[in-house]
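# Summary of the model geometry
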Amino acid sequence: MNSKTRKVLNRYIYHVLILITGFIMVYPVLWMISGSLKNNTEILNDSLNLIPPHLRWDNFARGWKGFGGTSFRTFFANSFIIAGISTAATVLSSACIAYSFSRLKYLGRKLLFTLMIMTLLLPGQVLLIPQYVLYNSLGLVPSIIPLILPHFLGQAFFIYQMMQFMAGIPRELDEAAFVDGCSKYGIFSYIILPLLKPAVITTIIIQFYWKWDDFQGPLVYLSKPQSYTVSIALKLFADSSSATDYGAMFAMSTLSLIPVFLIFLFFNQYLTEGISTSGLKG
Amino acid sequence: MKGNVKSAARKFIYRESTVGYVFALPFIIGFLGFTLIPIVSSLYYSFTDYNLIQKESWIGANNYMRLLHDERFWKSLKVTLRYVLLSVPSKLCFALFVAMILTRTTKLTGFYRSLFYVPSLIGGSIAVALVWKELFSRKGLINQILGIVDIKAVSWFGDQKMALIPLILMTVWQFGSSMIIFAAGLKQIPGTYYEAAKIDGANRFRAFLHITLPGLSPVILYNLIMQTISAFMSFTQAFVITQGGPNDATNFYALYVYDNAFEYYDMGYASAMSWVMLAIMSLITLVIFKSSKHWVFSEAGN
């Protein structure tokens, strides 16, 4: 065997090994999707077979009915509303705060910035109980307000990310606009915000998908089935019917992942950049 | 006169410091109202008996004394630490390994990265937690595969010694975002270093040890801190998959706090636990940062 064929062979081995590992990695997802089209017996007794013997679409119809008289239509709507409002609020508030921290000079800015970095390292779990007690004393439990209100007040992770992005926007632009009579408010609206677009898109997709996946927040703050998000509904749906109906459970699980997959499909590049510039939990 | 006031007001509104405070206002409100005040007030509640309905009553350090004698608390701390120590290092090693394999650029590299990133993307969802639970159930896929190689079915969630394993595997499985951060870090290391090492006769392993690891050390530090914090705070997966069982074998700290607060409505006790958690997290972060002076290299020396 000469060195050239060996090189080609090596290359094939490399790709085959990666593909096998990659297949194992995504196997649980494929298994779930295939389970969404099988009935109970097929899931339990023929679990290794990824291709459903019959495509049982009725799993989706049965699952969609939900439980307690509330269908998944409501749960999806709730999730979209909560994730949508939170995301829009995060973008706007975080951009404002990032602009203040990175472009304006005033007394106490350094202190505020330090506090922001501290909240960045502060795990949300530590705040769960204290915040719950606060919302409870304000009479806001149960409601969706605790789930969206904090997003109007900036999210440290995204403030930091936007600040890093703003550092790359030349200050000469601000100065030129200032000379032309543009106020500091105007510089934000007409110069910084439009140029911030890539960071804004990254924020939108990451925040949306964090909020979409959020489980503990809705678990603590929502109590009526009509206000449940998809994540809570899925858990309760599984609790109430898993003994009897795996197919419907997998069908709804699959549906719940579709928004996340769509984001990934269309904004993959922004997502990867967002992770590599500032990190992403998980 | 009126014009004067108006122009003074205008001047004030457009002053740079005013604009600064206006734009920082959401953060100031958020920090005071939703971080500082809750944390401080929870310090107060941690010294009280409080069940959300009746007014709290001051009981001094009783909650903290109770923690010292609470066996479930110690067990949850032990289980959480074991989980963190077993899952984070393996996750980071795996992430680094795959990131290095994928530095070889081919037409398919982007596709491969996406493939390995998928678990991270969806791993936090309830859907995947439910799937995981079924995969490891008694008649689940994992046991069926074990059956093929003639290993007796394992009762993953019924055996105290085994229950942590599916949760650790699930965490390691989601190595994708660490991998992407490593990949970005690897790109920063100049290729000339490796060429020089090759000329000097260093083999691949030595190059990895003396070039890759030091060059990557700031990124390793970042990943280590972020993953340690997030593993220490694990809640959702255990809540859905094992409910902390069997016999508290997977009763993570966050799970136990949740139970005290929202199952037993023992808010004073849960507040004390939150404060202990804050202290532990600060300590761990501090230790990692302090130790990093000895193993993180930066070119500019800062």
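Residues numbered from 1 in each chain as written. Chains lettered and ligands numbered in written order. Predicted model: local features only at pLDDT ≥ 70, side-chain atom pairs only at ≥ 80, totals over all residues. Heavy atoms only, no water.

### Here we look at the domain arrangement of chain B
All names here are of chain B. What the domain assignment lists for chain B is domain 1 (2-45) and domain 2 (64-295). For domain 1 and domain 2, the distance between their C-alpha centres works out to 39 Å. Of the roughly 380 Å² buried at the junction of domain 1 and domain 2 (both faces included), carbon and sulfur atoms supply 65%. Counting every contact that joins domain 1 to domain 2 gives zero salt bridges. For the pair domain 1 and domain 2, the interface holds two residue pairs in polar contact (both at pLDDT 80 or more). Per-class residue counts for the side of domain 1 that touches domain 2 are three nonpolar, one polar and no charged. (Domains from an automatic or database assignment. Buried area = accessible area lost by both parts, 1.4 Å probe. Salt bridge = Lys/Arg side-chain N within 4 Å of Asp/Glu carboxyl O. Polar contact = N/O pair within 3.5 Å; in protein donor to acceptor, adjacent residues only side chain to side chain. Nonpolar A, V, L, I, M, F, W, Y, C, P; charged D, E, K, R; others polar.)

### Structural notes on the packing of helix H4 (residues 72-103) of chain A against helix H11 (residues 197-213) of chain A
All names here are of chain A. Relative orientation of the contacting elements H4 and H11 amounts to 145°, with a least axis distance of 9 Å. Judged by the twist between their axes, the crossing of H4 over H11 is right-handed. Residues Phe76, Ser79, Phe80, Ile82, Ala83, Gly84, Ser86, Thr87, Thr90 and Val91 of H4 form the contact with H11, whose own contacting residues are Val200, Thr203, Ile204, Gln207, Phe208, Lys211 and Trp212. Split by residue class, the contact of H4 with H11 holds nine nonpolar, seven polar and one charged. (Axes fitted to C-alpha atoms, helices over the stretch in contact; angles between N-to-C directions. Helix = DSSP H or I, 4+ residues; strand = E, 2+ residues; numbered from the N terminus. Left-handed = near helix turned anticlockwise from the far one by under 90°. Contact = heavy atoms within 4.5 Å.)

### With respect to the confidence of the model for chain A
Across chain A, pLDDT averages 87, with 94% of residues at or above 70. Per-residue pLDDT, averaged within each element of chain A, yields its smallest value for helix H2 (residues 40-45) of chain A (77) and its largest for H4 of chain A (95). (pLDDT = per-residue confidence, 0-100.)

### Examining empty space enclosed by the protein
All names here are of chain A. Counted under the stated rule, the structure contains four cavities of 30 Å³ or more. The volume enclosed by the second largest cavity comes to roughly 70 Å³. Of all the secondary structure elements, the ones that give two or more residues to the lining of the second largest cavity are H2 and helix H14 (246-278). Residues that form the lining of the second largest cavity fall into these classes: six nonpolar, three polar and two charged. (1 Å grid on protein atoms, 1.4 Å probe; cavity = no way out; pocket = protein on both sides within 12 Å on 5 of 7 lines; lining within 4 Å. Points joined across faces, edges and corners; volume = space filled by probe spheres on them.)

### Remarks on the domain arrangement of chain A
Residues and elements named next belong to chain A. Here chain A is partitioned into domain 1 (3-61) and domain 2 (68-278). Averaged C-alpha coordinates put domain 1 and domain 2 at centres separated by 33 Å. Across the contact, twelve residues belong to domain 1 and 13 residues belong to domain 2. In total, domain 1 and domain 2 occlude about 970 Å² of area from one another, counting both sides; carbon and sulfur atoms represent 76% of this. Contact with domain 2 buries area across many residues of domain 1, yet Met32, Asn40 and Phe60 alone supply 50% of it, more than any other trio. On the surface where domain 1 and domain 2 come into contact, there are zero salt bridges. Here domain 1 and domain 2 share zero residue pairs in polar contact (both at pLDDT 80 or more) between them. When residues of the side of domain 1 that touches domain 2 are traced back to their parent elements, those giving at least two are helix H1 (3-35), H2 and helix H3 (58-64). Here the side of domain 1 that touches domain 2 takes five residues from H1, the largest share from any one element. Of the residues in the side of domain 1 that touches domain 2, the class split is seven nonpolar, four polar and one charged.

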